[in-house]
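Each chain, letter by letter, is given below.
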Amino acid sequence: MARYTGPDCKRCRREKTKLFLKGAKCDSPKCPIEIRPYPPGEHGRNRPKENDYLLQLRETQKAKRIYGVLEKQFANYYEQATRTRGRTGEALLQLLESRLDNVVYRAGFAKSRDMARQLVRHGHVLVNGHKTDIPSYRVGEADIIEVAAKSKDMTPFVVAKAEAGERPVPAWLEVIPDKMRILVHTLPVRAQIDTLVQEQLIVEYYSK
């Protein structure tokens, strides 16, 4: 499967904002965007003024990078969103938020979405009692996600349990730290999604 293998911090610098791709490092003074808050490259400080198209492109790239989705899959999510009732941009964000790796991250079981993706791929996560090793699996209302019994003593989950409550959990999820379990009460609405993207710019980009 194709995936990005380059330096994550360059992606944050290119978008000129923190995408929180590196877990704890993003909150530390060592975060590269704190040191060099401009795009990478020889001409990073002298980028030309961005027009409407570039603003739409950058917002699309930002969303893809935040959720760790490549172009083809992201375009498929957009197509699904266009077939959903309501606003396309909000439907797109809901689809991205309902990915299993994102839910594991949002619940605080992983420091980053990359880490959550790896935990899912290695079979440490169950959905409704069944091992699910597909990070893009879409969770639904009333689903129960939990850490496999044999995996609960692994360091990442021991740390997650000890740090439970330190990171806010979205209202559409409920976390039971003692059982390392996540309850999906409902799918999120836009007001419950704190991802800093302007989804209307993404819709404009794909509408051309």
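See the structure above.
Here goes a summary of the coordinates provided. (Residues numbered from 1 in each chain as written. Predicted model: local features only at pLDDT ≥ 70, side-chain atom pairs only at ≥ 80, totals over all residues. Heavy atoms only, no water.)

### Considerations on unusual backbone geometry
Trans is the prevailing form of peptide bonds, just as negative phi is the prevailing case for residues other than glycine. Of note, the phi angle at Asn 128 is positive, near 55°, even though the residue is not glycine. Here Asn 128 is to be found in the loop between strand E1 (125–127) and strand E2 (130–131). Located in the positive-phi region is Met 180, a residue other than glycine, with phi close to 50°. Topologically, Met 180 is positioned in the loop between strand E4 (173–176) and strand E5 (181–184). Of the residues examined, Met 180 reaches a relative accessible area of 3% and is grouped as buried. (Helix = DSSP H or I, 4+ residues; strand = E, 2+ residues; numbered from the N terminus. Buried < 20%, exposed > 50% of the residue type's maximum accessible area, 1.4 Å probe, protein only.)

### Notes on the sheet that holds E2
Pairing is antiparallel in the open sheet, where five strands are placed in the order E2-E1-E3-E5-E4. Of all strands in the sheet, those with a lone pairing partner are E2 and E4, marking the two edges. Two elements, E4 and E5, share four bridges in a ladder whose sense is antiparallel. By the bridge assignment for E5, Ile 176 is matched with Arg 181. (Pairing = 2+ DSSP bridges.)

### Some thoughts on the packing of helix H4 (residues 71–82) against helix H9 (residues 199–207)
Relative orientation of the contacting elements H4 and H9 amounts to 100°, with a least axis distance of 12 Å. With respect to H9, the axis of H4 lies roughly perpendicular. The residues of H9 that touch H4, namely those facing Glu 71, Phe 74, Ala 75 and Tyr 78, are Ile 202, Val 203, Tyr 206 and Ser 207. The residue makeup of the contact of H4 with H9, split by class, is six nonpolar, one polar and one charged. (Axes fitted to C-alpha atoms, helices over the stretch in contact; angles between N-to-C directions. Parallel < 35°, antiparallel > 145°, perpendicular 65-115°, else oblique. Contact = heavy atoms within 4.5 Å. Nonpolar A, V, L, I, M, F, W, Y, C, P; charged D, E, K, R; others polar.)

### Comments concerning the environment of Gln 200
Along the chain, Gln 200 falls in helix H9. Here the alpha-carbon distance between Gln 200 and Gly 89, two residues 111 residues apart in the chain, equals 5.8 Å.

### With respect to the environment of Lys 111
Within the secondary structure layout, Lys 111 lies in the loop between helix H6 (100–106) and helix H7 (113–121). We classify Lys 111 as partly exposed; its relative accessible area is 37%. Sequence separation between Lys 111 and Val 159 is 48 residues; the distance between their C-alpha atoms is 10.0 Å. A distance of 2.5 Å separates polar atoms of two side chains, one belonging to Lys 111 and the other to Glu 163. (Polar contact = N/O pair within 3.5 Å; in protein donor to acceptor, adjacent residues only side chain to side chain.)

### Describing the pattern of salt bridges
Here the idea is simple: oppositely charged side chains can pair when their charged atoms come close. One pass over the structure, following the stated rule, counts 10 salt bridges. Salt-bridge contacts for Asp 101 lead to Arg 99; the nearest nitrogen and oxygen are separated by 2.9 Å. By relative accessible area, which is 2% here, Arg 99 ends up buried. (Salt bridge = Lys/Arg side-chain N within 4 Å of Asp/Glu carboxyl O.)

### Here we look at the packing of helix H5 (residues 88–97) against H9
At a minimum axis distance of 8 Å, the contact between H5 and H9 shows a crossing angle of 105°. The angle between H5 and H9 falls in the class roughly perpendicular. Contacts from Thr 88, Gly 89, Glu 90, Leu 92 and Leu 93 in H5 reach Glu 199, Ile 202 and Val 203 in H9. Residue classes in the contact of H5 with H9 are distributed as four nonpolar, two polar and two charged.

### Re the environment of Gln 94
Counting through the fold element by element, Gln 94 comes out in helix H5. Looking at Gln 94, the relative accessible area reads 25%, which means it is partly exposed. If near-sequence neighbours (up to four positions away) are discounted, Gln 94 is found in contact with Leu 187, Pro 188 and Ile 193.

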